[in-house]
Every structure is written in C-alpha cells, then in structure tokens.
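One-letter residues, chain by chain:
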Amino acid sequence: MAAVQELKLLGAVSGVSPYVIRVQMALAVKGLAHEYLPEDLAHKSQLLLDSNPVHKQVPVLIHNGKPVCDSPIIVQYIDEALAGNGSSILPADPYDRAVARFWAAFIDNNLFPSCIGILEARTEEKKAAKLEEALAALQLMEGALVGCSKGKPFFGGDAVGYLDIALGCYLCWFKGVGDMAGATLLDAARTPELAAWAARFGAAETAGSLVPGVDKVEAYVNTVLYPKWNAAAAAANN
Ligand SMILES: N[C@@H](CCC(=O)N[C@@H](CS)C(=O)NCC(=O)O)C(=O)O
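What counts and what doesn't
- Residues numbered from 1 in each chain as written.
- Predicted model: local features only at pLDDT ≥ 70, side-chain atom pairs only at ≥ 80, totals over all residues.
- Heavy atoms only, no water.
- UniProt positions renumbered as here; feature names shortened; annotations may be inferred.
- Helix = DSSP H or I, 4+ residues; strand = E, 2+ residues; numbered from the N terminus.
- Pairing = 2+ DSSP bridges.
- Axes fitted to C-alpha atoms, helices over the stretch in contact; angles between N-to-C directions.

Under the annotation held in an unreviewed UniProt entry, the protein carries the name Glutathione S-transferase and is attributed to Zizania palustris. Taken directly from UniProt, the Catalytic activity (unreviewed entry) text for the protein runs: "RX + glutathione = an S-substituted glutathione + a halide anion + H(+)". According to its UniProt record, the protein has this under Function (unreviewed entry): "Is involved in the conjugation of reduced glutathione to a wide number of exogenous and endogenous hydrophobic electrophiles."

Put into structure tokens, the structure is as follows:
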C-alpha cells in the first residue's frame, strides 16, 4: 500500500501569486490532494517564517513536516519525491530537462519582469520600451514552444509538463497587464503558436482550471502594487 503523504501548501490570500499557482498546477497534474494555507503576506505566520527563514516568501510546500521552498525547486521535488502519482512533469531526457529549466528561468527572470515593468513604468517612453521587451521575450517563447513541443500540443508533448506550468502560471498576468496597459501580450498575429497553446492550456482539465480571473490581478495591482510603487517613487524623490 502507498504511504500516506501529508502535503501542506503555504500560499497567498491574493490568489494571484504565479509561483503559488505554479505549485498548485504541479500538484493538480500529479493528482495530489493537499491542505492549502493562505498567508497574509503583510502579516506572515510563524510557520512561514520558520519554513522559509531565508526569503520568508510563499510558496512553501511542507511534505510530511519538511519544508521545500522556491517554486521551480518545489515543482521538481513534487515530480521526483511523489513520482508514483500522475504523469511525470519534467522531460525524461536529460537534454530536454536542461532546455526546459533554461526557459523556465528565462520566463521568471526576463519575461515576467518585463511584463510587470509595463505597469511599473512611470513614463510613456519607459512603458513602450517594457512592452517591446515583453513582446520580444514572448517571441522567443514562441520559438521555444516550437522546439520543445516537437509538433505536439504542449511544451511537454502530449500532456502538460514543466514548461507548460512554468509559463501557464502567468497567463492571468499576461491578460491582466495587457488589459490595464491597453495592449495584447499574447497576440495571435505576432505569436500564433503561443496564443493557440494558451487557449489549449486554459482548457486543460488539470492545470488550466487553476488560472485565476483577470479581475483578481487587476485588484491586486490596484490595491498592492500601485501603492507600493507610488510609495517607492515618493521616497526616491525625497
Ligand atoms: N523565486 C520565488 C519567488 C517567490 C515570491 O516572490 N513570492 C512572493 C509572492 S508572489 C512573496 O512571498 N512575497 C512576500 C515577500 O517577498 O515578502 C519562487 O519562485 O517561489
């Protein structure tokens, strides 16, 4: 009989943290039930501070009492430690795994910062530059999709895999930022393969159903991010 796994996920009350969503998607792909513990990040719990004392950030997955931090590491951990459940998330081939990890890091370190930079920009010139940056990054992801999917519906092939989750957790942000900035980030004319993939991913039974509505993103930007950026800009001017 398979051992009972106790899984707790420290997430965020906002419901729009792409990193938390990413882990939720990985758990869904594996068909793993878990207890969700939403954190108010303005008043972090002692459990979060003890579980992630370095960064004090969510997500943290607590597996049988042991914390694992940082979403790409958590997703890989879920794939390896809970390998018996559901389909595998990372590609089996070592080269394909390396490529998937490379693009996942590009998404977190380049694509999403450019995307969020569109809203953070304080001049029209800077906003246009960030939009160009985000569109160029998405163009690169179009090429990555063609290369990784090898003609199949997902980056992971026939089923949702590591890169699908790494990018799919941002879908609500691409739409939300685009709507707020008056732009279309996932544009079928510029990146047709990626736009078609996004529609397929959104319709996917497991991971796709976890993409939150754009209203949540807009509320978070208006109530958390804009006040934070405005305060930082005011402090910089003093
Ligand atoms: N690299 C981390 C990023 C995690 C992260 O930025 N979490 C944010 C929520 S979206 C957080 O906990 N922020 C609270 C803080 O930094 O104090 C990951 O992939 O898990």
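From this point, things continue past the structure.
Engineer: Explain unusual backbone geometry to me, please; I cannot follow it from the model alone.
Structural biologist: Only a minority of non-glycine residues have a phi that is not negative, and only a minority of peptide bonds are not trans. Cis rather than trans, the peptide bond between valine 58 and proline 59 has omega equal to 5 degrees. Residue placement: proline 59 occurs in the loop between helix H2 (46-51) and strand E3 (60-63). For lysine 150, which is not a glycine, the phi torsion comes out positive at approximately 50 degrees. In this fold, lysine 150 is placed in the loop between helix H5 (124-149) and helix H6 (162-168).

Engineer: Help me out: how do you make sense of the sheet that holds strand E1 (residues 7-12) in this one?
Structural biologist: Strand pairing in a sheet takes place through backbone hydrogen bonds and is either antiparallel or parallel in direction. If you walk across this open sheet you meet the four strands as E2-E1-E3-E4, and the pairing is mixed. The open sheet is flanked by strand E2 (35-39) and strand E4 (66-69), the only strands paired with a single partner. Across the sheet, the mean angle separating the axes of adjacent strands is 25 degrees when strand polarity is ignored. Of the pairings in the sheet, the one linking E3 to E4 comprises four bridges and is antiparallel in character. Counted as the bridge partner of histidine 63 is lysine 66 from E4.

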